[in-house]
Amino acid sequence: MTPPSSPVKSAHTPKQDRSRATRQRLLEAAVACLAEHGWAGSTVSVVAERAGVSRGAAQHHFPTREDLFTGAVEYVAEERSAALRALPVQGRAEVVAALVDLYTGPLFRAALQLWVAASNEAQLRPRVTELEARVGRETHRIAVELLGADESRPGTRETVQGLLDMARGLGLANVLTDDTARRERVVAQWAALVEEGLGR
């Protein structure tokens, strides 16, 4: 016999699925808007229109603009971490290149727009600062794991952090112009330095 609660559950499941899908569309649209238009050009209305939902639906999921865009960057961070964790175990040169790729695509560009906005918006700054600290710790942890780095060895932590700082710098250089050719040479040199610095 079917329990009395089953029809209620099945009636709500599609609605929950739609709600999750709407939320994801809003987050993806917010990331795209930040990357393309920056903070000033990315309003809740613009994001809602791009996501194909009403402004009211957007505000149901994200009551404020700050909620929407910090949610978007958190979503990006989770996607970045998932992509890193999904990388197959491979050589350090490939790991270095994959880490740099994280900082040179549209996801990084969107995060950068939020950082710039946070530097001028007091309400946004603490939320973005806390989020980026968490993302930084997670990225460092995953990088250590992928590189097979032994942080008990002197200088290893700094080598990994230097790699991530370099990758972020390459991401910044790529914002104004396509820096692909120079970046490939820099990444190859850094891969050699990381191999030397981390040892076997």
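Residues numbered from 1 in each chain as written. Predicted model: local features only at pLDDT ≥ 70, side-chain atom pairs only at ≥ 80, totals over all residues. Heavy atoms only, no water.

Some details on the overall build of the protein chain
When its secondary structure is counted, the protein chain shows 9 helices and 0 strands. Put simply, the protein chain runs from its N terminus to its C terminus through helices and strands in the order α-α-α-α-α-α-α-α-α. Judged by the C-alpha coordinates and their principal axes, the protein chain covers about 65 × 50 × 30 Å. For the protein chain, the residues scored as buried account for 40% of the 200 residues in total. In the protein chain, of all internal contacts separated by at least 6 residues, the share reaching a separation of at least 24 is 67%. Of the roughly 11100 Å² of accessible surface on the protein chain, 55% is carried by carbon and sulfur atoms. Looking at charge distribution, the protein chain has the averaged site of its 25 positive side-chain charges lying 5 Å from that of its 25 negative ones. (Helix = DSSP H or I, 4+ residues; strand = E, 2+ residues; numbered from the N terminus. Buried < 20%, exposed > 50% of the residue type's maximum accessible area, 1.4 Å probe, protein only. Contact = heavy atoms within 4.5 Å. Areas by Shrake-Rupley, 256 points an atom, 1.4 Å probe, with all protein chains shown as cover. Lys, Arg positive; Asp, Glu negative; His and termini not counted. Charge placed at Lys NZ, Arg CZ, Asp CG, Glu CD.)

Section: the nonpolar core
Counting 32 residues, the largest nonpolar core has Leu-26, Val-47, Leu-68, Phe-69 and Leu-114 as the members making the most contacts within it. Examining the composition of this core, we find that 8 residues originate from one element, helix H1 (residues 5-37), more than from any other. Judged by nonpolar contacts, the second largest core, of 25 residues, contains Tyr-103, Leu-112, Val-160 and Leu-170. (Core = buried A, V, L, I, M, F, W, Y, C linked by side-chain atoms within 4.5 Å.)

A look at the side chain of Thr-22
Following the sequence through the fold, Thr-22 ends up in helix H1. Thr-22 gets classed as buried once you look at its relative accessible area, which sits at 14%. If we ignore the near neighbours within four places in the chain, the residues touching Thr-22 are Val-53 and His-61.

Examining the UniProt feature "DNA-binding region" (unreviewed entry) in the protein chain
Mapped onto this numbering, the UniProt entry annotates "DNA-binding region" (unreviewed entry) at residues 43-62. With 75% helix and 0% strand, the stretch residues 43-62 has end C-alpha atoms that lie 12 Å from each other. (UniProt positions renumbered as here; feature names shortened; annotations may be inferred.)

What to know about the packing of aromatic side chains
Taken as a whole, this structure holds 3 aromatic pairs when the rule is applied. With centroids separated by 5.7 Å and ring planes inclined at 70°, the aromatic side chains of Tyr-103 and Phe-108 adopt a geometry described as edge-to-face. Residue Phe-108 is classed as buried on the basis of its relative accessible area of 2%. Ring plane angle 85° and centroid distance 5.6 Å describe the contact between Phe-108 and Trp-115, whose orientation is recorded as edge-to-face. Sitting over the face of the ring of Trp-39, Arg-65 holds its NZ or CZ atom 3.8 Å from the ring centroid. (Phe/Tyr/Trp six-rings, centres within 6.5 Å; stacked < 30°, edge-to-face > 60°. Lys NZ or Arg CZ within 6 Å of the ring centre and 35° of its normal.)

Thoughts on the pattern of salt bridges
Evaluation of the coordinates by the stated rule reveals 10 salt bridges. A salt bridge links Glu-36 to Arg-50, with the nearest nitrogen and oxygen atoms 2.9 Å apart. With Glu-36 in helix H1 and Arg-50 in helix H2 (residues 44-51), the pair connects residues that are 14 residues apart, well separated along the chain. A salt bridge links Glu-195 to Arg-92, with the shortest nitrogen-to-oxygen separation between them at 3.1 Å. With Glu-195 in helix H9 (residues 180-198) and Arg-92 in helix H5 (residues 92-102), this pair connects stretches of sequence that are 103 residues apart. Judged by relative accessible area, which is 12%, Arg-92 ranks as buried. Through salt bridges that share partners, Glu-74, Glu-130 and Arg-134 make up one connected network. (Salt bridge = Lys/Arg side-chain N within 4 Å of Asp/Glu carboxyl O.)

Quick word on helix H6 (residues 106-120)
Its 15 residues place the ends of H6 22 Å apart at the C-alpha level, agreeing with the 21 Å of an ideal helix rising 1.5 Å per residue. Those residues of H6 that fall on the buried side of the exposure criterion are Phe-108, Ala-110, Ala-111, Leu-112, Leu-114, Ala-117 and Ala-118. (Expected span 1.5 Å × (residues − 1).)

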